[in-house]
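Chain residues, written in single-letter form:
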Amino acid sequence: MRLLIVEDERRLAASLAKGLVAEGFVVDVVHDGGVGLRRATDHDYDLIVLDIMLPGMNGYRVCSALRAAGDETPILMLTAKDGEYDEAEGLDTGADDYLTKPFSYVVLLARIRALLRRRTRGGSPTIVLGDLTVDPAAKAVSRGDTEVEVTAKEFAVLEHLAVNAGLVVSKGQILEHVWGFAYDGDPNIVEVYVSALRRKLDAPFGRKSIVTVRGSGYRLATDGG
């Protein structure tokens, strides 16, 4: 899953990003409210960690602008302020949760996971496509009753395809979502991971669930292939 951190305290932002990347998230970091709003508007994120006191545009305004535009991405607000009125203002602008600095990283991670679980359809974190099951909470994959072992990156690619099952997802979209906005390596890395998923998810079960749409990208079958 892909997160955006909008935080002007650079050391804090870097520390949070390092910890979240270690947890398997793809993380983009910006330090200005206006830049954060543009990044959130232009790219698809699963959750935004948003500081309130920001240069350019404060977090309240960023959150309000996103909600006014119909963006329902979960937002966890951070602030050095303390008090029920600050919390109320943050929630009134459309934030989903609120954390006051200084905070425990363990608590932050728990809040993020809770918001991501809450966002999943029907309250269930599991994506079921025929006999193919993708569980984002457990980072687990199975075909019928058979659990399929995948790496963290393979799971991230599969999850993005599963969330968009039936739709064509471009190589660029996968790169951006799984490897991050700043990735400048070989874009053919996507082909390597798709091939690995086919070897694990399709070949042993006689399936062809991940289809290459020539010149456009990949599509995961809604019935699991």
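Procedures and definitions
Residues numbered from 1 in each chain as written. Predicted model: local features only at pLDDT ≥ 70, side-chain atom pairs only at ≥ 80, totals over all residues. Heavy atoms only, no water. Helix = DSSP H or I, 4+ residues; strand = E, 2+ residues; numbered from the N terminus. Rg over C-alpha atoms; globule rule 2.2 N^0.38 Å. Buried < 20%, exposed > 50% of the residue type's maximum accessible area, 1.4 Å probe, protein only. Contact = heavy atoms within 4.5 Å. Areas by Shrake-Rupley, 256 points an atom, 1.4 Å probe, with all protein chains shown as cover. Lys, Arg positive; Asp, Glu negative; His and termini not counted. Charge placed at Lys NZ, Arg CZ, Asp CG, Glu CD. Right-handed = clockwise from strand over helix to strand, strands pointing away. Pairing = 2+ DSSP bridges. Axes fitted to C-alpha atoms, helices over the stretch in contact; angles between N-to-C directions. Phe/Tyr/Trp six-rings, centres within 6.5 Å; stacked < 30°, edge-to-face > 60°. Lys NZ or Arg CZ within 6 Å of the ring centre and 35° of its normal. Parallel < 35°, antiparallel > 145°, perpendicular 65-115°, else oblique. Nonpolar A, V, L, I, M, F, W, Y, C, P; charged D, E, K, R; others polar. Salt bridge = Lys/Arg side-chain N within 4 Å of Asp/Glu carboxyl O.

- As recorded in an unreviewed UniProt entry, the protein goes by Response regulator transcription factor and comes from Actinomadura rudentiformis.

Focus: the overall build of the protein
(1) Moving on: Regarding its fold elements, the protein presents 8 helices and 11 strands.
(2) Moving on: For a compact globule of 225 residues, the expected C-alpha radius of gyration is about 17 Å, and the protein comes in at 19 Å, within 12% of that figure.
(3) Moving on: Taken over the C-alpha atoms alone, the protein extends approximately 60 × 35 × 30 Å along its principal axes.
(4) Moving on: Put simply, the protein has 225 residues, and 45% of those count as buried.
(5) Moving on: Sequence-distant contacts in the protein: of pairs separated by 6 or more residues, those separated by 24 or more amount to 57%.
(6) Moving on: Carbon and sulfur atoms form 50% of the exposed surface of the protein, whose accessible area is close to 11,200 Å².
(7) Moving on: Distance between charge centres in the protein, computed from 27 positive and 33 negative side chains, equals 6 Å.

Here we look at the pairing of strand E4 (residues 75–79)
(1) Moving on: Most of E4 sits out of view: 5 of its 5 residues are buried.
(2) Moving on: With burial as the criterion, each face of E4 is covered, one bearing Ile 75, Met 77 and Thr 79 and the other bearing Leu 76 and Leu 78.
(3) Moving on: Of the crossover connections in this fold, the one passing from strand E3 (residues 47–51) over helix H3 (residues 59–68) to the parallel E4 is right-handed.
(4) Moving on: By the bridge criterion, 4 bridges tie E4 to strand E5 (residues 97–100) in an arrangement that is parallel.

A short note on the pairing of strand E2 (residues 26–30)
(1) Moving on: When you tally the buried positions in E2, you get 4 out of 5 residues, the bulk of the element.
(2) Moving on: Where strand E1 (residues 2–6) lies against E2, 5 bridges are found, and the strand directions are parallel. Paired with Ile 5 across the bridge in E2 is Val 29.
(3) Moving on: Each parallel crossover has a hand, and for E1 linked through helix H1 (residues 10–22) to E2 it is right-handed.

Remarks on the sheet that holds strand E9 (residues 146–148)
In a beta sheet, neighbouring strands are held together by backbone hydrogen bonds and run either parallel or antiparallel to one another.
(1) Moving on: Pairing in this open sheet of 4 strands is antiparallel, and the strands run E6-E7-E8-E9 from one edge to the other. With partners counted over all chains shown, the strands left at the sheet margins are strand E6 (127–129) and E9, one partner each. Direction aside, neighbouring strands of the sheet carry axes that sit 20 degrees apart on average.
(2) Moving on: Where strand E8 (residues 140–143) meets E9, 3 bridges bridge the pair, whose relative direction is antiparallel. Note that in E9 the partner of Val 141 across the bridge is Val 148.
(3) Moving on: Contacts between helix H6 (residues 152–163) and the sheet are confined to E6, strand E7 (132–135) and E8, with E7 contributing the most and set at about 110 degrees to the helix.
(4) Moving on: Across the sheet, helix H8 (residues 189–202) touches E7, E8 and E9, and the angle it forms with E8 is around 50 degrees.

Section: the packing of aromatic side chains
Think of a pair of aromatic rings as described by two things: how far the centres are apart, and how the planes are tilted against each other in angle.
(1) Moving on: On inspection of all chains with the given rule, the structure shows 1 aromatic pair.
(2) Moving on: The ring of Phe 25 is capped by Lys 139, whose NZ or CZ atom sits 5.8 Å from the centre of that ring.

Here's the deal with the packing of helix H7 (residues 171–179) against H8
(1) Moving on: Running from amino to carboxyl end, H7 crosses H8 at an angle of 85 degrees, the nearest separation of the two axes being 10 Å. When the interaxial angle is binned, H7 and H8 end up roughly perpendicular. Of the residues in H8, those touching H7 at Lys 171, Ile 174, Leu 175 and Trp 179 are Ile 189, Val 190, Glu 191 and Tyr 193.
(2) Moving on: Taken together, the residues that form the contact of H7 with H8 break down as 6 nonpolar, no polar and 2 charged.

Observations concerning the pattern of salt bridges
(1) Moving on: The full count for this structure, using the stated rule, is 13 salt bridges.
(2) Moving on: In this structure, the salt-bridge partner of Arg 2 is Asp 28, at a minimum N-O distance of 2.4 Å. A residue pair is termed long-range when its members are at least 10 positions apart, and Arg 2 in strand E1 and Asp 28 in strand E2 qualify at 26 residues.
(3) Moving on: With a shortest N-O distance of 3.0 Å, Glu 7 and Lys 101 are connected by a salt bridge. Remark: Lys 101 occurs in the loop between E5 and helix H5 (105–119) and Glu 7 occurs in the loop between E1 and H1; sequence separation between them is 94 residues.

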